[in-house]
Amino acid sequence: MILLYFIIGYVALYSAIWLHEVGHGLMYAKYGCKNNPFNVHVPLYLFFSTPNPIDEDKAKKTLGHQQLYYVGIAGIVVNLLF
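Criteria and cut-off values
Residues numbered from 1 in each chain as written. Predicted model: local features only at pLDDT ≥ 70, side-chain atom pairs only at ≥ 80, totals over all residues. Heavy atoms only, no water. Helix = DSSP H or I, 4+ residues; strand = E, 2+ residues; numbered from the N terminus. Buried < 20%, exposed > 50% of the residue type's maximum accessible area, 1.4 Å probe, protein only. Contact = heavy atoms within 4.5 Å. Areas by Shrake-Rupley, 256 points an atom, 1.4 Å probe, with all protein chains shown as cover. Lys, Arg positive; Asp, Glu negative; His and termini not counted. Charge placed at Lys NZ, Arg CZ, Asp CG, Glu CD. Expected span 1.5 Å × (residues − 1). Patch = residues over 30% accessible without salt bridge, like charges linked within 9 Å, V, L, I, M, F, W, Y side chains within 5 Å. Salt bridge = Lys/Arg side-chain N within 4 Å of Asp/Glu carboxyl O. Core = buried A, V, L, I, M, F, W, Y, C linked by side-chain atoms within 4.5 Å.

Trainee: Give a detailed account of the overall build of the protein, specifying residues and quantitative values.
Mentor: Counting secondary structure elements, the protein contains 3 helices and 0 strands. Along the protein, helices (α) and strands (β) appear in the sequence α-α-α when read from the amino end. Its C-alpha atoms give the protein principal-axis dimensions of about 50 × 20 × 20 Å. Expressed as a percentage of the 82 residues in the protein, the buried residues total 29%. For the protein, contacts bridging at least 24 residues in sequence account for 60% of all contacts bridging at least 6. Entry remark: accessible area of the protein is about 5,900 Å², with carbon and sulfur atoms responsible for 69%. Averaged over its 5 positive side-chain charges, the protein has a centre that lies 6 Å from the centre of its 4 negative ones.

Here it is, written out as structure tokens:
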């Protein structure tokens, strides 16, 4: 029974982190720096997850401070919504 609780907890945590990164990916896609917002990198050990792959050169050239703020806050907003 403890193993089942562990698996359910891990799946819930993995899903929350994946949704968080999809929030970042959605904003990058909105600004044209990412093709597929659902293609994010979340490893099985859960650390160092990123919304990559993104077009970093385009992001550096076209995104201002306000857009970067929106990209940063999008992950938290998606977690709050779900």
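Trainee: Would you mind going over helix H3 (residues 65-81) in detail, with residue names and values included?
Mentor: If you check H3, its first and last C-alpha atoms are 24 Å apart, about what 17 residues at 1.5 Å a residue would give, namely 24 Å. Along H3, the residues that are buried comprise Val71, Ala74, Gly75 and Val78. For H3, the elements touching its buried residues are helix H1 (2-30).

Trainee: Outline a nonpolar patch on the surface, supporting the account with residue identities and numerical values.
Mentor: The grouping of Met1, Leu4, Tyr5 and Ile8 at the surface amounts to a nonpolar patch, some 480 Å² of accessible area in total. The partly exposed category is assigned to Leu4, whose relative accessible area is 44%.

Trainee: So what's going on with the nonpolar core? Residues and values would help.
Mentor: One finds Met27, Tyr28, Cys33, Ile54, Ala59, Leu63, Val71 and Ala74 forming the largest nonpolar core, which totals 8 residues. Taken together, the elements giving at least two residues each to this core come down to H1 and H3. With near-sequence residues (within four places) excluded, Ala59 lies in contact with Tyr28 and Cys33. Within the second largest apolar cluster, 5 residues are counted, among which are Val22, Val40, Val42 and Leu46.

Trainee: Run through unusual backbone geometry, naming residues and quoting values.
Mentor: Between Asn52 and Pro53 the backbone carries a cis peptide bond, its omega angle lying at 10°. By secondary structure assignment, the location of Pro53 is in the loop between H1 and helix H2 (56-62). Of note in the backbone geometry, Leu46 takes a positive phi value of approximately 70° without being a glycine. For Leu46, a relative accessible area of 14% corresponds to the buried category. Although it is not a glycine, Phe48 adopts a positive phi angle of roughly 65°. With respect to the secondary-structure elements, Phe48 resides in the loop between H1 and H2. When its relative accessible area of 69% is taken as the criterion, Phe48 is described as exposed.

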